[in-house]
Amino acid sequence: MPRSGAAAAGAAWHDGTVNAPSTPPHQPDPHDPWQAPPSGARPVAGLLPPDAAERRAELVQGAVTALLLTCAGLVLGLLWLWLAPRVPLVSDDTAVFLKDSEGEQAIGADGTFVLLALAFGLVSAVAVFLLRRRGGVPLVAGLALGGVLGSLLAWGVGTWFGPTSDVVAHAREAGKGVTFDAPLELHAVGAAVLAWPVAAMIVHLALTGLFGPRDPEPEWEPFGGPGSASAGPGSGPADGTGTGDGPAAGPAGSPGAGGWPERP
């Protein structure tokens, strides 16, 4: 016969009034790096890459930079037209000759354009850096593209507004033995066109490396968390209940004293 206490316990368990405790749902670790963020969570600024709006703003800034530098090429072309030396020509009604066959005016025109382009590259790089210290790939690309387009525009402006390229008609108009100017031309086109963007890229890179914003240095903690550096292997509290690698020292005859006690 079952004991009265066991029967009462069985009746109490199966009478429907006692419910077994439900298992709590699994709670994810909030510090798990692979755990998906909860719904409605907002990313922390500075920890995630820029969103689409910021990227679109950078693209707009790069396009505006390229457009402004292209327009600045008009000023470069006018300065080149004003400062470049002229190549004198003379005609005898049968042919056109250089008045000074040993002159260096043609080389001087190329040199003037290159020097002006280098100056424009320096000024444009400094201006872009001061206005936008954070930089970015679209901004640097706009700086380089604007320098190339500005140089091409300056070349076209100088040749268009300079002396006419029809040398024969110009010689007939000037008359026999009268000196007139040769067309304004670039002989080293590649070096002249690339002087502006190359100078701008070098100066902007130097300014960014010297005076650009720096990312904050990460703060490293000791391995295992704070306070773990002072805790060596086998160390534990002074009460003898250590959690180190070896057995903790305890009272004589206890299991923690190096072995089980001998039977009497």
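The following paragraphs examine the structure supplied in this document. Since this is a predicted model, take the numbers as computed values, not measurements.

A few words now on helix 3 (residues 105-131). The end-to-end C-alpha distance of helix 3, which contains 27 residues, comes to 39 Å, matching closely the 39 Å that a straight helix rising 1.5 Å per residue would cover. For helix 3, every residue scored as buried is listed here: Ala109, Asp110, Thr112, Phe113, Leu116, Ala117, Phe120, Gly121, Ser124, Ala125, Val128 and Phe129. For helix 3, the elements touching its buried residues are helix 2 (52-83), helix 4 (137-161) and helix 6 (189-211).

Turning our eyes to something else, we now look at the packing of aromatic side chains. All chains considered together, the criterion is met by 2 aromatic pairs. Ring centres of tryptophan 80 and phenylalanine 113 lie 5.1 Å apart, and the angle between their planes is 85°; on these two criteria the pair is classed as edge-to-face. Taken together, the residues span a long stretch of sequence, with tryptophan 80 in helix 2 and phenylalanine 113 in helix 3 at a distance of 33 residues. For tryptophan 80, a relative accessible area of 0% puts it in the buried group. Here the aromatic rings of phenylalanine 120 and tryptophan 196 are separated by 5.4 Å at their centres, their planes lie at 65°, and the arrangement is edge-to-face. Pair noted here: phenylalanine 120 is in helix 3 and tryptophan 196 is in helix 6, with a separation of 76 residues, a long-range link.

Attention now moves to the nonpolar core. Leu76, Trp80, Phe113, Leu184 and Trp196 are the most contacted members of the largest nonpolar core, which has 21 residues in total. Broken down by secondary-structure element, the contributors of at least two residues to this core are helix 2, helix 3, helix 4 and helix 6. Of all the elements, helix 3 adds the most residues to this core, at 7 residues. If you look at the next biggest cluster of nonpolar residues, it comprises 5 residues, including Val87, Leu89, Ala171 and Phe180.

Attention now goes to the sheet that holds strand 3 (residues 180-181). Taken in spatial order, the 3 strands make up an open sheet running 2-1-3, and their pairing is antiparallel. Each edge of the open sheet is held by one strand with a lone partner, namely strand 2 (96-98) and strand 3. Note: strand 1 (residues 88-91) against strand 2, 3 bridges, orientation antiparallel. Following the sheet pairing, valine 90 is matched in strand 2 by phenylalanine 97.

Criteria and cut-off values
- Residues numbered from 1 in each chain as written.
- Predicted model: local features only at pLDDT ≥ 70, side-chain atom pairs only at ≥ 80, totals over all residues.
- Heavy atoms only, no water.
- Helix = DSSP H or I, 4+ residues; strand = E, 2+ residues; numbered from the N terminus.
- Expected span 1.5 Å × (residues − 1).
- Buried < 20%, exposed > 50% of the residue type's maximum accessible area, 1.4 Å probe, protein only.
- Contact = heavy atoms within 4.5 Å.
- Phe/Tyr/Trp six-rings, centres within 6.5 Å; stacked < 30°, edge-to-face > 60°.
- Core = buried A, V, L, I, M, F, W, Y, C linked by side-chain atoms within 4.5 Å.
- Pairing = 2+ DSSP bridges.

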